[in-house]
Amino acid sequence: MNMAPADTLVYDTAQIAVWQSDPAFAYSRELMAPEINVLEWIGKWFGRLLDKIFGNTFVEEYSEVVLICIAVLILMLVIWFVYKKRPELFMRSRKNGAPYTVGEDTIYGVDFAKEITGVLARKDYREAVRLLYLQTLKRLSDGKRVDWQLYKTPTQYIYEVRLPAFRQMTHHFLQVRYGNFEATEALFRIMQNLQKEVEKGETA
């Protein structure tokens, strides 16, 4: 009885090597991480842009300087934006400043005249400045000049009132309230005068 020869697979190493060297069979290329990172890609793109505008010489000599200038400009814009939204973050802070308890700055349910008289008797000018500013906001709110909300920042009210006296008054308030600036009797009197100017501006 004749037996048929077994059917076996032959591994053609030469053919496999040809296929491996053919880019059409490089199926794993989509899974490979790119060799260039985002910053390098942005740098090359910016370099090509400068090359089109100014030429090769400019790119070779000044591309890094231009990139640094743009980065500094972006940083300055971010700082300016934060300053406009939260100016109290940039106020000077004194390590040995007087202790001051930050309470809820509400304008309702407070007898400002009585409270201000009481803190002045104790020579607590920090609290007097705070109460005077809140009293001003209360009067502006009663006159429908500002839309008072507990969550609003003092800077937002500046854009609603648009009076130099109120802007200066808010600046003093922020310095004392958040910047730990010293509150004195003289400063309180200045804010009283500013309050009168704000009221005159409202009635004018």
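Caption draft 1: Local environment of the overall build of the protein chain. Helices and strands together make up the secondary structure of the protein chain, namely 8 helices and 0 strands. In the protein chain, the succession of helices and strands from N to C terminus is α-α-α-α-α-α-α-α. Burial analysis of the protein chain (204 residues in total) assigns 28% to the buried set. Residue pairs at least 24 apart in sequence account for 61% of intrachain contacts in the protein chain once pairs closer than 6 positions are excluded. Total accessible area on the protein chain stands at roughly 15,300 Å², and carbon and sulfur atoms take up 59% of it.

Caption draft 2: Layout of the packing of aromatic side chains. Applying the stated criterion across every chain yields a total of 3 aromatic pairs. Between Tyr 108 and Trp 148 the ring centres are 5.4 Å apart and the planes differ by 85 degrees, which places this aromatic pair in the edge-to-face class. With a gap of 40 residues between them, Tyr 108 in the loop between α3 (56-85) and α4 (112-121) and Trp 148 in the loop between α5 (125-142) and α6 (154-161) connect regions that are remote in the sequence. What makes Tyr 108 partly exposed here is its relative accessible area of 45%. Where Tyr 133 meets Phe 166, the ring centres are 5.9 Å apart and the plane angle is 15 degrees; that geometry is what we call stacked.

Caption draft 3: Geometry of the pattern of salt bridges. Under the counting rule described, the total for this entry stands at 6 salt bridges. With a closest N to O distance of 3.9 Å, Arg 122 and Asp 124 form a salt bridge.

Caption draft 4: Molecular detail of unusual backbone geometry. Positive phi, normally seen in glycine, also occurs at Arg 162, with a value near 55 degrees. Of the residues examined, Arg 162 reaches a relative accessible area of 62% and is grouped as exposed. Although it is not a glycine, Asn 180 adopts a positive phi angle of roughly 60 degrees. Considering the arrangement of structural elements, one finds Asn 180 in the loop between α7 (164-178) and α8 (185-203).

Caption draft 5: Structural detail: the nonpolar core. In terms of nonpolar packing, the biggest core is built from 30 residues, with Tyr 133, Leu 137, Phe 166 and Met 191 touching the most fellow members. Those elements giving two or more residues to this core turn out to be α4, α5, α6, α7 and α8. Beyond its immediate chain neighbours, meaning those up to four positions away, Phe 166 contacts Tyr 133, Thr 136, Leu 137, Leu 140, Tyr 157, Ile 158, Val 161 and Val 198.

Caption draft 6: The arrangement of the environment of Leu 150 in detail. Positionally, Leu 150 belongs in the loop between α5 and α6. Note: C-alpha distance between Leu 150 and Thr 106 (44 residues apart in sequence) is 6.6 Å.

Caption draft 7: Structural detail: the packing of α6 against α7. Look at α6 against α7: their axes get within 10 Å of each other, and the N-to-C directions meet at 175 degrees. Classed by the angle they form, the pair α6 and α7 counts as roughly antiparallel. Here Pro 154, Thr 155, Tyr 157, Ile 158 and Val 161 of α6 lie close against α7, whose contacting residues are Phe 166, Arg 167, Thr 170, Phe 173 and Leu 174.

Caption draft 8: Representation of the packing of α5 against α7 in the model. At a minimum axis separation of 10 Å, α5 and α7 run at an interaxial angle of 140 degrees. Judged on the interaxial angle alone, α7 and α5 are oblique. For the element pair α5 and α7, the recorded crossing hand is left-handed. Where α5 abuts α7, its residues Arg 126, Val 129, Arg 130, Leu 132, Tyr 133, Thr 136, Leu 137 and Leu 140 lie against Phe 166, Met 169, Thr 170, Phe 173, Val 176 and Arg 177. For the contact of α5 with α7, a count of residues per class yields 9 nonpolar, 2 polar and 3 charged.

What counts and what doesn't
- Residues numbered from 1 in each chain as written.
- Predicted model: local features only at pLDDT ≥ 70, side-chain atom pairs only at ≥ 80, totals over all residues.
- Heavy atoms only, no water.
- Helix = DSSP H or I, 4+ residues; strand = E, 2+ residues; numbered from the N terminus.
- Buried < 20%, exposed > 50% of the residue type's maximum accessible area, 1.4 Å probe, protein only.
- Contact = heavy atoms within 4.5 Å.
- Areas by Shrake-Rupley, 256 points an atom, 1.4 Å probe, with all protein chains shown as cover.
- Phe/Tyr/Trp six-rings, centres within 6.5 Å; stacked < 30°, edge-to-face > 60°.
- Salt bridge = Lys/Arg side-chain N within 4 Å of Asp/Glu carboxyl O.
- Core = buried A, V, L, I, M, F, W, Y, C linked by side-chain atoms within 4.5 Å.
- Axes fitted to C-alpha atoms, helices over the stretch in contact; angles between N-to-C directions.
- Parallel < 35°, antiparallel > 145°, perpendicular 65-115°, else oblique.
- Left-handed = near helix turned anticlockwise from the far one by under 90°.
- Nonpolar A, V, L, I, M, F, W, Y, C, P; charged D, E, K, R; others polar.

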